[in-house]
Amino acid sequence: MSSLDVSRGVCALVPGLQHWLENALYAVRIVDAASPRDKESRRVLLATEIGHATHRDILITLVDGAPSLVAAANGLPARVAFGIADMGFAFALIAELARPAFVPAVGDAGSARLMTLAGRVARSDATVLIQGDTGTGKEGMARFLHAQSGRADHDFIAVNCAALPETMMEAMLFGHKKGSFTGAANASDGLFLAADGGTLFLDEIAELPIALQAKLLRALQEGEVLPVGATHPVPVNVRVVAACNRNLAEEVAAGRFREDLYWRLNVMPLELRPLNQRRGDVSAITAAMLLRLSDMGKAGLVWPTADAIDKLAAHGWPGNARELGNILQRALVLRDGDRIEAGDLHMGSAPQIAPVIAQPIFAPASLAPAEPIRLRDVARHSKLEAIRTALRETDGHRAAAARKLGISERTLRYRLAEMRELAAA
């Protein structure tokens, strides 16, 4: 939990700020603006208290006009001006301006409790299993665990298991000796040894083949890896954080994931809820994303209106934070005015045009194709059309489209690659 000082003058002017900051995972301390302070401390002060501010602080003021953010520059603190109507987003903005880079955006009380638990888990060296839908922030949680752990001074290595070539998975994870397979011109340490002393984040762990799961189990149990082509194992000191967007217990029941590996990974389980179950996080994530898109306000932050924030909070978020990011980027590009209005937020899929049913045209015998249409081509095109439809109905979210089609994300990627090859041809 990060510490943040708030002056008594700020508490008197905007009493709701303290409650928001506490929900946003801050330990808030109420201070006099002129009181002594630590060199690294950060404070939220009134604009009139600038004489007691450092470049790390945030100055606030209430205004009747349009809200604004002036980024910290030239030794001066950041300044946030807002009115009553924009107070909710302003609170989220203040929290995200002060937040350390390794801490995910939080504005919901339930999320704050989860992050407090995660902070306790981080201080142990236990293996962690993070489960949640795509876009709920699993990698952000893994980075937080690493940053709060005793391994923070060592490497954090993130690996998407679904993106590893199946034929190279073992060599990439555990390393290989020179000449151990065709093309192995040099030896390689592998990702486990690259993360030695630090944290290895294995995302999409359910995509590992069963055979490789057994080797991962041994690496976790024995603290050693056997590179491809080697005869002696190599000791490693790695904390493994695994993540999955599917229910891993159900994968075990279906025979697609080893039960012994599941229990080895599930020492410290963390479940990330979908965004529609943590509405308080919507404003926080929105503020964090808009700050990032504006280079922390240096490029000019575009403020959403209160109606826009209400519209975001009411949305169902099937794509979670990734969908939110897409919508905000579209709004920044397509907005008509100086602010993001509710009408600038295009939530759904692109408008669907009703297909025109063409009447069959019978070609003369002389123009008929010389070769008959092959059944396998018809089946392939039917599959590709089903993929296009699923992606269109899920607004381009691959995980949701894969679930809708009843296939894995890996299979979906293969099919999309096939579609690209057909288009190129």
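Use the structure listed above.
The shown structure was predicted, so the numbers you read here are calculated from the model rather than taken from an experiment.

Caption draft 1: Summary view of the sheet that holds strand β8 (residues 156–160). Across the sheet, five strands lie side by side as β8-β9-β12-β7-β13; this open sheet has parallel pairing. Each edge of the open sheet carries a strand with a single partner, namely β8 and β13 (268–271). Each adjacent strand pair in this sheet contributes to an overall mean axis angle of 15°, direction not counted. Direction of pairing for strand β7 (residues 128–131) relative to β13: parallel, over a ladder of four bridges. Across the sheet, residue Gln131 finds its bridge partner in β13, namely Glu271. Along the sheet, helix α5 (residues 138–147) makes contact with β7, β8, β9 (199–203), β12 (239–244) and β13, crossing β7 at roughly 155°.

Caption draft 2: Local environment of helix α15 (residues 398–405). Of all the positions in α15, only Ala399, Ala401 and Ala402 are classed as buried. The buried residues of α15 occupy an angular sector of 165° when projected down its axis, which confines them to one face. Two residues or fewer past α15, Gly406 is found with a positive phi of approximately 75°.

Caption draft 3: Main features of the nonpolar core. Among the nonpolar cores identified, the biggest contains 50 residues, and Leu21, Ile60, Val80, Phe82, Leu93, Trp303 and Leu312 are the most heavily contacted of them. No other element matches helix α3 (residues 87–98), which puts ten residues into this core. Those residues in contact with Phe82 that lie beyond four places of it in its chain are Val14, Ile60, Thr61, Leu62, Val63, Pro67, Met87, Ala90, Ile94 and Trp303. Leu212, Leu217, Cys244 and Leu248 belong to the second-largest nonpolar core, a separate cluster that totals 32 residues.

Caption draft 4: Molecular detail of the packing of helix α11 (residues 280–293) against helix α13 (residues 320–334). Look at α11 against α13: their axes get within 10 Å of each other, and the N-to-C directions meet at 50°. Between α11 and α13, the interaxial angle falls into the category oblique. Viewed along their axes, α11 and α13 form a crossing whose handedness is right-handed. Contacts from Val282, Ile285, Thr286, Met289, Leu290 and Leu293 of α11 reach α13 at Ala321, Leu324, Gly325, Leu328, Gln329 and Leu332. Looking at the contact of α11 with α13 residue by residue, the classes come out as nine nonpolar, three polar and no charged.

Caption draft 5: Focus on the packing of aromatic side chains. Taken as a whole, this structure holds six aromatic pairs when the rule is applied. Relative to Trp303, the ring of Phe89 lies with its centre 5.4 Å away and its plane at 70°, an arrangement referred to as edge-to-face. Here Phe89 is found in helix α3, whereas its partner Trp303 is found in the loop between α11 and α12 (306–314), with 214 residues between them in sequence. Classification of Phe89 by relative accessible area gives buried; the value is 4%.

Caption draft 6: Region of the structure containing the environment of Val159. Tracing the backbone shows Val159 in strand β8. Assessed through its relative accessible area of 4%, Val159 is described here as buried. Taking the C-alpha atoms as reference points, Val159 and Met172, 13 residues apart in sequence, are found 10.0 Å from one another. Those residues in contact with Val159 that sit more than four places away from it in its chain are Leu164, Leu191, Leu200, Phe201, Leu202 and Asp203.

Caption draft 7: Looking closely at unusual backbone geometry. Positive phi outside glycine occurs at Glu204, with the angle close to 55°. Within the secondary structure, Glu204 is located in the loop between β9 and α8 (210–222). Residue Glu204 is classed as buried on the basis of its relative accessible area, which comes to 10%. For Trp317, which is not a glycine, the phi torsion comes out positive at approximately 50°. Assignment of secondary structure puts Trp317 in the loop between α12 and α13.

Caption draft 8: View of the environment of Val128. Counting through the fold element by element, Val128 comes out in strand β7. The exposure class of Val128 is buried, given its relative accessible area of 0%. When the C-alpha atoms of Val128 and Val10 are compared, they prove to be 40 Å apart, with 118 residues separating the residues in sequence.

Thresholds applied
Residues numbered from 1 in each chain as written. Predicted model: local features only at pLDDT ≥ 70, side-chain atom pairs only at ≥ 80, totals over all residues. Heavy atoms only, no water. Pairing = 2+ DSSP bridges. Helix = DSSP H or I, 4+ residues; strand = E, 2+ residues; numbered from the N terminus. Axes fitted to C-alpha atoms, helices over the stretch in contact; angles between N-to-C directions. Contact = heavy atoms within 4.5 Å. Buried < 20%, exposed > 50% of the residue type's maximum accessible area, 1.4 Å probe, protein only. Arc of directions from axis to C-beta. Core = buried A, V, L, I, M, F, W, Y, C linked by side-chain atoms within 4.5 Å. Parallel < 35°, antiparallel > 145°, perpendicular 65-115°, else oblique. Left-handed = near helix turned anticlockwise from the far one by under 90°. Nonpolar A, V, L, I, M, F, W, Y, C, P; charged D, E, K, R; others polar. Phe/Tyr/Trp six-rings, centres within 6.5 Å; stacked < 30°, edge-to-face > 60°.

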